[in-house]
Amino acid sequence: MRISRRLMLGLCGALAWRFADRGAFAESSQAYPIGACDWSLGACQTPRAFEVAKEIGLDGVQVSFGAPGEEFDLRKPEVRQQYEEAAQQTGVKIASLAMGILNNVPFASDPRTEEWVSDCIDVMAAMGQKIVLLAFFGKGDIRNRPDLQAEVIRRLKRLAPKAEKAGVVLGIESMLNVDDHLKILDAVGSPAVQVYYDVANMHYAGYDIFEELRRLGRERICQVHTKEYDHLIGQGPIDFRKVRDVLEEIGYKDWLILEAATVKGRPIVDCYRENARYLRSLFHTSRAAS
């Protein structure tokens, strides 16, 4: 079978990213570093998230990337500098970026969003980041909308070559099932487009999250949200021991990003300390939560 030049470059790029990631974790002697979304820390799109994460004892923060002109717009070099300084001062890493703004300004229909994702690719290259979450909830939901899914494929096909060249991954987080996710990934045909898997969203949508994780496999999952609704991690209906077993089975040993997983009446810091402690004991990570 003949392999196109673009596919060969993509495969080479995917291997390069995989070895680079493994090298980074080997250097820190820690698989499964644990972070949290900045919005879950009550510090959305502000460097203050790193102070909160340090107080909790987390390893990283998933940082929001928004519309042009906002106060902490990462398109601005001086803002990127603030984030990099916050990371250095606290010892908390940037785990990935996230475009939650696409929930209100849909990627599938708003003409501005393709340019915003392109901007984010430039920012990731400038900051040495590898993953951005593209959100498809709220107004951006594309479930049962083959027309919107087709438009998402068209737009991702246009963006994928730039992402490949920059060595970054665009991670789809949506309410689609594994079949629909795979249709999009196969249609785009690029290692630079993967799935950002949220175990709680998929569980509460009624999907078999363990079978979905297996079918997607390590090469098509860029990062994982460890989340519960109205429960701490390990105290709700999701079997996180089995999540751990399946992630190990498919070879995923990268970031676990906390989202939600709080209970009414308890401060975020207390909830996330307990969440991080549980995940570290379950996934046998090396750092103890403070």
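Each value, and the rule that gives it
- Residues numbered from 1 in each chain as written.
- Predicted model: local features only at pLDDT ≥ 70, side-chain atom pairs only at ≥ 80, totals over all residues.
- Heavy atoms only, no water.
- Helix = DSSP H or I, 4+ residues; strand = E, 2+ residues; numbered from the N terminus.
- Expected span 1.5 Å × (residues − 1).
- Buried < 20%, exposed > 50% of the residue type's maximum accessible area, 1.4 Å probe, protein only.
- Arc of directions from axis to C-beta.
- Contact = heavy atoms within 4.5 Å.
- 1 Å grid on protein atoms, 1.4 Å probe; cavity = no way out; pocket = protein on both sides within 12 Å on 5 of 7 lines; lining within 4 Å.
- Points joined across faces, edges and corners; volume = space filled by probe spheres on them.
- Nonpolar A, V, L, I, M, F, W, Y, C, P; charged D, E, K, R; others polar.
- Pairing = 2+ DSSP bridges.
- Axes fitted to C-alpha atoms, helices over the stretch in contact; angles between N-to-C directions.
- Parallel < 35°, antiparallel > 145°, perpendicular 65-115°, else oblique.
- Left-handed = near helix turned anticlockwise from the far one by under 90°.
- Phe/Tyr/Trp six-rings, centres within 6.5 Å; stacked < 30°, edge-to-face > 60°.
- Lys NZ or Arg CZ within 6 Å of the ring centre and 35° of its normal.
- Salt bridge = Lys/Arg side-chain N within 4 Å of Asp/Glu carboxyl O.

K.L.:
Any details on helix α3 (residues 77–90)? Residues and values, ideally.
P.N.:
For an α-helix, the turn length of 3.6 residues means that residues three or four places apart are oriented alike. End to end, α3 covers 20 Å across 14 residues, agreeing with the expected 20 Å (1.5 Å per residue, within 8%). Of the positions making up α3, those classed as buried are V79, R80, Y83, A86, A87 and T90. For α3, the arc enclosing every buried residue in end-on projection is 120°, short of the 170-degree limit, so these residues lie on one face. Turned more than 90 degrees from where α3 packs its buried face, P77, Q88 and Q89 sit exposed. Considering only its buried residues, α3 is in contact with α2 (48–56), β2 (60–64) and α4 (112–127). G91 occupies a position one or two residues after α3 and carries a positive phi of about 75°.

K.L.:
Could you give an account of empty space enclosed by the protein, naming the residues involved and the relevant values?
P.N.:
The full count for this structure, using the stated rule, is one cavity of 30 Å³ or more. Taken as a whole, the largest cavity encloses approximately 30 Å³ of empty space. As for the largest cavity, its lining consists of E173, S174, H181, V195, Y196, Y197, D198, N201 and M202. Among the elements of the structure, β5 (169–174), β6 (193–198) and α7 (199–204) are those that each provide at least two residues to the lining of the largest cavity. Of the residues forming the lining of the largest cavity, the biggest block, four residues, is contributed by β6. Taken together, the residues that form the lining of the largest cavity break down as four nonpolar, three polar and two charged.

K.L.:
Run through the sheet that holds β2, naming residues and quoting values.
P.N.:
A barrel is described by the order of its strands in space; here eight strands give the closed sequence β1-β2-β3-β4-β5-β6-β7-β8, paired in parallel fashion. Neighbouring strand axes in the sheet, compared pairwise and without regard to direction, differ in orientation by 30° on average. Taken together, the three bridges between strand β1 (residues 34–37) and β2 define a ladder with parallel strand orientation. Note on β2: the bridge partner recorded for C37 is Q62. This element, α2, spans β2 and β3 (93–99) of the sheet and lies at about 155° to β2. Together, β7 (221–228) and β8 (256–260) form the strand contacts of helix α9 (residues 240–250), whose direction differs from that of β7 by roughly 175°.

K.L.:
Describe in detail the packing of α9 against helix α10 (residues 268–283), supporting the description with residues and values.
P.N.:
Contact geometry of α9 with α10 gives a least axis separation of 10 Å together with a crossing angle of 50°. It follows that α9 is oblique to α10 by the angle criterion. Crossing geometry of α9 relative to α10 is assigned as right-handed. Only Y278, L282 and F283 of α10 make contact with α9, whose side of the interface consists of F240, R241, R244 and L247. Split by residue class, the contact of α9 with α10 holds five nonpolar, no polar and two charged.

K.L.:
Tell me about the packing of aromatic side chains, residues and numbers included.
P.N.:
Counted under the stated rule, the structure contains five aromatic pairs. Their ring planes at 75° and their centres at 6.0 Å tell us that F50 and Y83 sit as a pair that is edge-to-face. Of this pair, F50 sits in helix α2 while Y83 sits in helix α3, and the two are 33 residues apart along the sequence. Considered together, F50 and Y83 belong to a single accessibility category, that of buried residues. Relative to F136, the ring of F107 lies with its centre 6.0 Å away and its plane at 85°, an arrangement referred to as edge-to-face. Of this pair, F107 sits in the loop between β3 and α4 while F136 sits in strand β4 (residues 131–136); the two residues are 29 residues apart in sequence, bridging distant segments of the chain. Judged by its relative accessible area of 0%, F136 is buried. Aromatic rings pair up to connect F50, F72 and Y83 into one cluster. Over the aromatic face of F107 sits the side chain of R155, whose NZ or CZ is 6.0 Å from the ring centroid.

K.L.:
Give a detailed account of the pattern of salt bridges, specifying residues and quantitative values.
P.N.:
Within the structure shown, the criterion is met by 20 salt bridges. The residue D73 makes a salt bridge to R75 at a minimum N-O spacing of 2.8 Å. Overall, D73 belongs to the buried group, its relative accessible area being 4%. For R75, a relative accessible area of 18% translates into the label buried. When the shortest N-O distance is used, the salt bridge between K162 and D122 registers 3.0 Å. Note that K162 is positioned in helix α5 (residues 146–166) and D122 in helix α4, a separation of 40 residues in sequence. Given a relative accessible area of 42%, D122 falls into the partly exposed group. Each of E114, E151, R154, R155 and R158 takes part in a single network of salt bridges with overlapping partners.

None of this, on its own, says anything about what the molecule does.
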